[in-house]
Structure formats: structure tokens, C-alpha cells
Amino acid sequence: MTVTVARHAGYCFGVRDAVTIALDAATQYDGVYMLGDVVHNEEVVRKLDDVGAQVVKNLDDVQDRPILFRAHGTPVEIWEEAKRRNLRIIDATCPLVTQIHHEVEELESEGRQIIIIGDHGHDEVVGIASHVKAPIVVSKPDEVDGLRKMRKVGVVSQSTQTIENVQAILARLLMKGLDIRFINTICFPTKQNQSEVKDLAVANEVVIIVGSFTSANTKRLAQIAQSLNPRSYQVASHTDLRREWFDGVETVGVTAGASTPDHLIEGVVAALQGMEER
Ligand code: SF4
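Worth saying up front: this structure is predicted, and the values here are computed from it rather than measured. Each chain carries its own residue numbering, running from 1 in the direction its sequence is written. Per-residue local features of the predicted model are confined to residues with pLDDT of at least 70, and side-chain atom pairs are confined, for both listing and counting, to 80 or more; whole-chain, interface and lining totals are unaffected and use all residues.

A.B. asks: Explain the overall build of the protein here, please?
C.D. replies: Scanning the protein for helices and strands turns up nine helices and 12 strands. This radius of gyration counts C-alpha atoms alone. The globule rule is 2.2 Å times how many residues there are, raised to the power 0.38. Since a compact globule built from 278 residues should have a radius of gyration of about 19 Å, the 20 Å found for the protein is in line with a globular shape. Overall size of the protein, expressed as C-alpha extent along the three principal axes, is 60 × 55 × 25 Å. Residue pairs qualify as contacts under a 7 Å threshold applied to their C-beta atoms, which are placed from the backbone. Sequence-distant contacts, at least 24 apart, represent 73% of the contacts inside the protein between residues at least 6 apart. Here a helix means four or more residues in a row that DSSP labels H or I, a strand means two or more in a row labelled E, and each is numbered from the N terminus.

Here is the structure:
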């Protein structure tokens, strides 16, 4: 069985940096608080907890150590409250998320109604929305139908959206707005991962997508793969692999979400190679 791993499978640079910052801060300050999960992967969060990087639900739980703000952004009001309380803030926001915050503010300054293409309630989307006054979040094309007609519209997207979903939503928005300005804020690691999973899905009999079921970008990779190859399966780790998926299979493609650590990918690859040797 030939196992091909996507070139950019796993951690994007934003998540890798955030995890490194959390580990360093936990050592330097003898522990650090993180407001929510630093990445959407339970195992990574557990490991960080073991070294003293502790998840808290709100700022009231923060005591004598710094608070780390995670890769996919923190709402403006929480930044302000943390500063008001004189908390030590460690900013692990991905620069590409910060860039979306700047873009959306600029679009609003042009007098545009802001539309954010993204998942309702997702941390990154909530963070982007906090930078403007009355944004509308649209997660799928049919949500556009209920919108009123608008004169000036500014559109950005959550960094991990699929190009196909963004295109489909934009196509419907053309019926709603007169002057629409769209800034493509899907980040380049997401574009790379989505492009690679499409190639894997057509070039291999089976595709395995490694990542937490709480990770939106992993789920999206799995959906893309499944749309092109029904024998595509998402697994959290090698223990989810099922022998029957690979009966008679000669080619397997492996990729992983942006919050999946390397050792989980390596575990899946090793298990696949082990199957072959049995
Ligand atoms: S998915 Fe993109 S925007 Fe999000 S942390 Fe990674 S590189 Fe940054």
C-alpha cells in the first residue's frame, strides 16, 4: 500500500507559533492562563495543561499569571477588559487573523455594511465581528436570501472557509448589493491544504483526514475530500482507523487539519504501514 502524505498536512504556522508561545510562557511564568482552547485539538490542550498552560472560561478566573490570547483572535471587548484589569497579556493571535481585523475596519470606514462569511459562533468569527458595529454573519448561500437589499457592502471571510462556499455566497450577494467590495481573507495555509486534499482525493483510493471533530477546518477538509472521493474518512488519531476501509486498497492519501500535531499524523501513517506488513 502506498501512503502519500500531503505536503502541508497539519499545523499551520499560526497554530504552531501559538502552541510554542503557550509552552514558552508556561515555562517562563511558571504557568499561564489561556482564554479558551489555544487550538481546536483536545490532545494538544491536555498536553499544554500538563505543563501549566491552563484553560479558563473568563477573565474572572485569571489570577497571578499572564493570560494568553489564542491564534484565532479575541474579541475587542475582552482585550479592553483585560487591559482595564491590568492583566499581563500574551498575544498569540495569528498575524493573518489580525490582518482580517484591519480589513474589516477599513471596509466599515468606507461606509459599507459588513458581511462576514463564516461559521456562526466560531471564535474567529466572533473576534472579527467585534471590530465593527453591526456585521452580518453568513455561513451558507441560502442565508443570503433573507437579507435586505444593500447599497454598499464589504465582505470578508473566516480564514478557513472553503473557496467554493465563499464563491457560492458571493454569487447570491450580487443580487443584494449595488457596490460590493470583497477581500479574500481565506489564509494561504488553508488554500494550500484545500488544494492538496483535492489532489489526494482524486489520486488515491482512500483518503484519511486526521484531526479533532471539534476543528472546523479539519471538518471542511473532510467534506471536500468526501465530495470528490466517497472513501474519505476523518479520524482523530490512528485508533479510529478501521481495517475494512483498506481491504484491497493500494493507494491512501493522508492529510490533517491546521490544528493537528505532527505526531498524530505520524501515528496514522505508521498504523497504515503496519497494516500492510501484517
Ligand atoms: S488557519 Fe490561517 S489564519 Fe488561522 S491560525 Fe492558521 S495560518 Fe493563521
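Following the structure, the description resumes.
A.B. asks: In this structure, what is going on with the sheet that holds strand E11 (residues 232–235)? I would like to understand it.
C.D. replies: For two strands to be treated as a pair, DSSP must find at least two bridges joining them. Ordered in space as E1-E12-E10-E11, the four strands form an open sheet in which the pairing is parallel. Whereas interior strands pair on both sides, the edge strands pair on one side only; in this sheet they are strand E1 (2–5) and E11. Averaged over all pairs of adjacent strands, the angle between their axes in this sheet comes to 20°, without regard to strand direction. Relative to strand E12 (residues 251–256), E1 runs parallel, the two sharing four bridges. From the neighbouring strand, Val3 faces E12, where its bridge partner is Val252. Only the stretch in contact is used when fitting a helix axis, every axis being a line fitted to C-alpha atoms; angles between N-to-C directions are given from 0 to 180 degrees.

A.B. asks: Which parts of the structure should I look at to understand the sheet that holds strand E3 (residues 53–56)?
C.D. replies: Paired through their backbone hydrogen bonds, the strands of a sheet run either parallel or antiparallel. With parallel pairing, four strands are arranged side by side in an open sheet as E3-E2-E4-E5. Taken across any chain shown, the strands that pair with only one partner, and hence form the sheet edges, are E3 and strand E5 (89–91). Each strand axis lies, on average, 35° off the axis of its neighbour in the sheet, ignoring direction. Where strand E2 (residues 32–35) and E3 come together, four bridges link them in parallel fashion. The partner of Val32 across the bridge, within E3, is Ala53.

Taken by themselves, the reported measurements are silent on function.
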